[in-house]
Structure formats: structure tokens, C-alpha cells
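Fold and contact review
Each chain, written out:
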Amino acid sequence: MKPRTLFEKVWDAHVVRPETDEAPAVLYADLHLVHEVTSPQAFSMLREKGLRVRRPDRTLATMDHSIPTVRKNGRFEISDDEGRTQLDALAKNCADFGIELHALGTEGQGIVHVIGPEMGATHPGSTIVCGDSHTATHGAFGALAFGIGTSEVGHVLATQCLLQRKPKTLEVRVDGWLKPYVSAKDVILAVISKIGVGGGSGHVIEFTGSAIRALSMEARMTVCNMAIEAGARAGMIAPDGTTYDYLIGRPRAPKREAWEHALRGWLRLPSDEGAAYDKSVTIDGSALEPMITFGTNPGMSIPIRGEVPDPERVEGEQARAGLAKALRYMGLQGGKKLLGHPVDVVFIGSCTNSRIEDLRAAASVLRGRKVAAGVRTLVVPGSQQVKREAEEEGLHHVFIESGAEWREPGCSMCIAMNGDIVAPGQIAVSTSNRNFEGRQGKGSRTLLASPLTAAAAAVAGRVADPRELGS
Amino acid sequence: MEAIRRVASRIVVLPERDIDTDQIIPARYLKTTGSKGLGQWLFTDWRRDANGRPRPGFPLDDPRAGGASILVAGSNFGCGSSREHAPWALFDAGFRAVVSSSIADIFRANAAKNGLVPVVVPVDLHEAMLAAPFSFATVDLESMTVALESGKTGSFSLDRFARHCLMNGLDELGFLIEQQPLIGAWEAACER
């Protein structure tokens, strides 16, 4: 048999009907994750057509995007009618169609891409879809996981299948070993900077190499999470001992004989010796520095001590114009360092960086220190479970004593749909995934960075190198 | 869905590369449970200043853009989130085709499902269109060609299945529903 990549093995195992020139493949989705923002129109479609949900047992819902992250007198107050209508719609849709929902205020609630893995619902070799582009997160387990639109949410609800053309494969190999204070976030920002925000279009990325193998599961999730920011359909990492150690014993992981059986299959998932990728890129992980973005897409990043590129020195009219426009929006000058630039807000959270290891990293910087005067700092755990874990470890005391706000789980200031916003013109160092114009609120300016770098900025009140503060 | 065989109109040009879905429609307008009426928020933060007044010179509000149904944008159009609200907003604002040298994967799939033809053209044709705002163009799905007012023509690429659905006003779900027996057999084989 022809050697196959990890992606090809997972793809082949889920093709219900192969693709032809005339029609895409019918691809089976093992798990469908649902949230309040991209699902109501899909459920309406089911009702209009009189369809049922084919596999409610393979469907899992949570509330995350537009929910408040503060309780007032112990209760969540949803200030806007539209937001409440959307949450009520999800609750009703889940009740009517028999779907498990982790609603606001319940112990299993959290960001959709945080709760799946922590419940053990994300399995190696499976296919996972969700009406959310950061579904790629689950690829960290060797799953094929990708974001879909609302029409496709309807397709999966009705048939558990999707129509898909087979994507190409792109290997991103990160060799060497990461230096201290260089994290998964820095790796993925460096990758996107190298291949560009459209560099992965039409492809599924498989991350390989010693620096990737050495990452924890949570760090691997951070890497795969942002595959979409390079335009890729999905990001994947082959499962290994790290994956199985993370998964075993979690509520939704297979048990006993079922585990043994599943494991035998998972052990065959890694790409075969000699398997060919359509494209390959190599990065020297040992040379990476903490990264930070300066522009208005995630490909516009520099090492923390680097200089913002000067549009005058950029080749190509369109590229020059694009960079100049981004810098105008950001209020930054080309040719200057970002280090020392004042910041107004620090956000630690999102499906990229809100897991317990991220919070530990941020706390390692904030412990015994104070957030600089005038810097609003939010720490938003990814799930109720992450919040409980952090509180058991006393991390919330570290955050609160430093002057940061310790919040309830949700997408919060990453997408700014819930009132957690960065004011017009303000600049935020954020551990989230997108620095698009207005992403964190109209007129907001975002610098993407790791939890260590974000926490360092909170303490310094400026863009700072976490290596200088020490932990 | 309406069948669509040909789109002919003046073109509105947004030459920026990597236009993301947050620009097409900001997240604060995603709280709707419907899909209609989003055209008013299309590119709203580019179109309007902090006080909600139109920014002078924005192409979409140019008198020559009136009735335009073809948007021509810089490469990698529609990158970012999976929100289908982006094609819904474009469709609601009257657009029936989006032309670029590359269109982000999820946006492209979403557009085709909503009567908005994602038209990927070769670089030379793309550049000719970027350089001719408000000129007349025709996108013909029958012949898979784009014809410009200048006389320049070129072919474009579009998935055959997406084209079939667009030209016949078909919903892709219909095709999937027909596959149910196959899906059931596949599930049974896997779960045995």
C-alpha cells in the first residue's frame, strides 16, 4: 500500500462516498460541536424542512461566544435582548432536538474548543466539525477538525455528513528545541509569519518535528488552533504518548477494552515513512524568540525585540500599501521597535490560550507583582473546569492580588460580542488569535502574543520581553 | 435558492488584500438568529466613521456603485472566521458574485451555498479588474468566463458541483439527503 500521511488516513476512514469530478466526497463527522452564534439559522432550516437531528449523540453544544464573563450577585446578567434571544434559541433547540447542552452557569460550560478536549470527547483519528473556524484546535489529537459555515452546520445536523473536496497536505516541520520563554504561541505566530495568512489555503497542515513532539497537549492545541490564521483547512499533530496520557481516564475517553481497541487503531495513525506531502516548510525551532504582532492580521508579527517593518523597504506596491494601511490603523511607525510601546489593556484568554498551563504561565509572571497603573487586565479561563483547577491551585489569588480581573469562562474579549471590549484607539496585548481591525471592539488595536508576553506587558504597562522580568 | 447563470453589472473594487470576515461584517452584528437584513452592516466600520457618518470616497457608497452586483477584491478575500453572515450580508446588499485571484476556503464554500458566486480569476484578469473600478463586467457560469468592458476576457475556476447547484438553484442539502441510505449503511459497518 502507498504510504499515507496522517491526514490521508483520517480522511480515507471517513469517506462515505468518494469524490468525483461532478460531486465532492461525502465525509462523515464523528463529532459535531455547536454554539449559540452560528447555529440558530441551521436549526430553523431543520424545522422548515421537517428534519430531525440524525445523531444527537454525536452532537455537543455549549454557550461561549456572546455570554457575560462576570456574575452580579452570583448571577449572570445578559444586558442585551439579542444576546439573550440567541442563548434562549440554543437552549430550546437543544431541548427540542435532544442535544446535550452545557449552558451558561453549569459546571461543564466553557469555550467549545476547550471543553471538547477536557471532556475527552476529542479522539485521535476522528473527524470533528463546528461552526467556528478555530475547530482546528482539536487537530492537536490527530483528529481532522475544521470550521464550517451555518449551512453546513445544518447539513451535519441533518445527515452527520458534509460535502468536501479533499484538501492538499502541507507539512510544517519545526526542528530543534524551543528556548525558555518561547511557547507554542510563538511557534505558530512564527509559522504564520513565514507562510502568510493565505499560505495554507486549500491545505491541511501537519505539524511535525522535534519541537512539536516536545510540546504538551495544551501547547499543541495552541499551535493547531491558529492553523486557520494561515488559511489552512485544519492543523494536525500525530498522536503519541503525550496524547494518550492526556486522554486516558477523561469522561468521554474510551474505557478498558474499548480503550485498548481504540489505541491499537490510533497507533497506526502517524504518517507512514515515505508518505508525501504536497508542500513542506521547515522552521528552526531553536532560533525562535517570543513573538508579537504589530499589524492587522496574524501574519504580521516580529520577534519581541525586533523592529516593525518599514513600508518604504517592502517590495511590491500592494504589499507596501497593505503594510502602510495596517500601521496607520495601529498607530505604529515602521522601522521602530514595539518594545516599550505603552499598552491600555491585557487580555489573557480565548480558545488559543485559556487553558490551565496558559494561566500558570501568566501567573508565573504576575506572582508577587502588580499590574501597571492604568492597564486593564482580564484573565478569562477557558472553561468552568479550568476555572476550578486554577482556583484549587490558588492562581486566582495571584491574578486578583496583582490587580487583574478574574472572570467566568467564555470567548470574552477575543471576539468582543459580550461587552468585554477594547475601546476605540486603545491598544491591547492579547493571547487570542486575531488582530483584525476592530476585532476586540470597534477601533480597537490588538497585539497578539503568548500568555508570558501578555503578562509581562501587564506588569510593565508597555510591550515587554518576558525574559527580562523573569519568573 | 434562485438559479444563477450570468451576473452582469458594474464592478465595485476593494483592492485590499486579505480582507477578513470581521471587516465584511463585524462580530457585534452576529447576534441575530436570522440571516436577512445584514446588508446594512456590510463593511460598516470601513464605510462609516466613529459617529456613523459615511466616510467620503468609500467605493460601496459611490453613486457609480448603485445596482452593482459584482465585488472585486484583493487576494485571499474572506479570510478569518467561518461566519456565514459574511456572504449573507453581501447577498443582502445586492452582490451576486465576488471576484478575486484567491478566495479563502470557508468563505468560498459559504458563498456558493447562498447564491453568491465565488469567482477565482487568473492574476492578469484580476489586475485588469482591480484597475477598472465601476466598469462593466459579465460573469458567465455557462462558459465559465469573465468579460470586461475593455474587451478583455478570461476564464475562471469554480468547483463543478458548486456551479451545478448555483446554475440550477439547488440546495446542497438535497444531495446529502439522497445519500442517507449510504450513510446509514456506512454507520452500521463502522459501529459493528
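Definitions and limits used
Residues numbered from 1 in each chain as written. Chains lettered and ligands numbered in written order. Predicted model: local features only at pLDDT ≥ 70, side-chain atom pairs only at ≥ 80, totals over all residues. Pairing = 2+ DSSP bridges. Helix = DSSP H or I, 4+ residues; strand = E, 2+ residues; numbered from the N terminus. Axes fitted to C-alpha atoms, helices over the stretch in contact; angles between N-to-C directions. Contact = placed C-beta atoms within 7 Å. Parallel < 35°, antiparallel > 145°, perpendicular 65-115°, else oblique. Left-handed = near helix turned anticlockwise from the far one by under 90°. Nonpolar A, V, L, I, M, F, W, Y, C, P; charged D, E, K, R; others polar. Core = buried A, V, L, I, M, F, W, Y, C linked by C-beta atoms within 7 Å. Buried ≥ 20, exposed ≤ 12 C-beta atoms within 10 Å, placed from the backbone. pLDDT = per-residue confidence, 0-100.

Thoughts on the sheet that holds strand β10 (residues 161–164) of chain A
Each strand in a sheet pairs with another by means of backbone hydrogen bonds, the pair being arranged parallel or else antiparallel. What the 3 strands build is an open sheet, ordered β1-β2-β10 (chain A); its pairing is antiparallel. Looking along the sheet, the strands with just one partner apiece sit at the ends: β1 (15–17) and β10 of chain A. Going across the sheet, the axis of each strand differs from the next one's by a mean of 40 degrees, ignoring polarity. Relative to strand β2 (residues 25–28) of chain A, β1 of chain A runs antiparallel, the two sharing 2 bridges. Across the sheet, residue Arg17 of chain A finds its bridge partner in β2 of chain A, namely Val26 of chain A. Along the sheet, helix α8 (residues 180–191) of chain B contacts β1, β2 and β10 of chain A; its crossing angle with β1 of chain A, the most-contacted strand, is approximately 140 degrees.

Examining the packing of helix α12 (residues 356–366) of chain A against helix α15 (residues 451–460) of chain A
Residues and elements named next belong to chain A. As a packed pair, α12 and α15 sit with axes 8 Å apart at the nearest point and diverge in direction by 30 degrees. By the criterion of interaxial angle, the relationship of α12 to α15 is roughly parallel. Our pair here, α12 against α15, has a crossing hand that is right-handed. Contacts from Asp358, Ala361, Ala362, Val365 and Leu366 in α12 reach Pro451, Leu452, Ala454, Ala455, Ala456, Ala458 and Val459 in α15. Across the contact of α12 with α15, the residue classes tally to 11 nonpolar, no polar and 1 charged.

Let's talk about the nonpolar core
Counting residues in hydrophobic clusters, the biggest one holds 210 residues, and the most contacted among them are Val346 of chain A together with Val98 of chain B. Setting aside residues no more than four positions away along its own chain, Val98 of chain B makes contact with Leu71, Ala73, Phe77, Leu90, Ile103, Ala111, Leu116, Pro118 and Val119 of chain B.

Notes on helix α5 (residues 150–159) of chain A
Residues and elements named next belong to chain A. Of all 10 residues in α5, 10 are buried, a share of seventy percent or more. Burial in α5 covers these residues: Thr150, Ser151, Glu152, Val153, Gly154, His155, Val156, Leu157, Ala158 and Thr159. Immediately beyond the C-terminal end of α5, within one or two residues, lies Gln160, with a positive phi of roughly 65 degrees.

So, the confidence of the model for chain B
Mean pLDDT over chain B: 96, with 100% of residues reaching 70 or higher. Model confidence for the complex is summarised by a pTM of 0.98, with the ipTM given as 0.97.

Overview of the packing of helix α6 (residues 184–195) of chain A against helix α8 (residues 217–225) of chain A
The description of two helices packed together rests on the angle between their axes and the distance between the axes. All names here are of chain A. Direction vectors running N to C along α6 and α8 enclose 25 degrees, while the axes themselves pass 8 Å from each other. Comparing the axis directions of α6 and α8 gives the class roughly parallel. Taken as a pair, α6 and α8 cross one another with a handedness that is right-handed. Only Ala219, Thr222 and Val223 of α8 make contact with α6, whose side of the interface consists of Ala184, Lys185, Val187 and Ile188. Across the contact of α6 with α8, the residue classes tally to 5 nonpolar, 1 polar and 1 charged.

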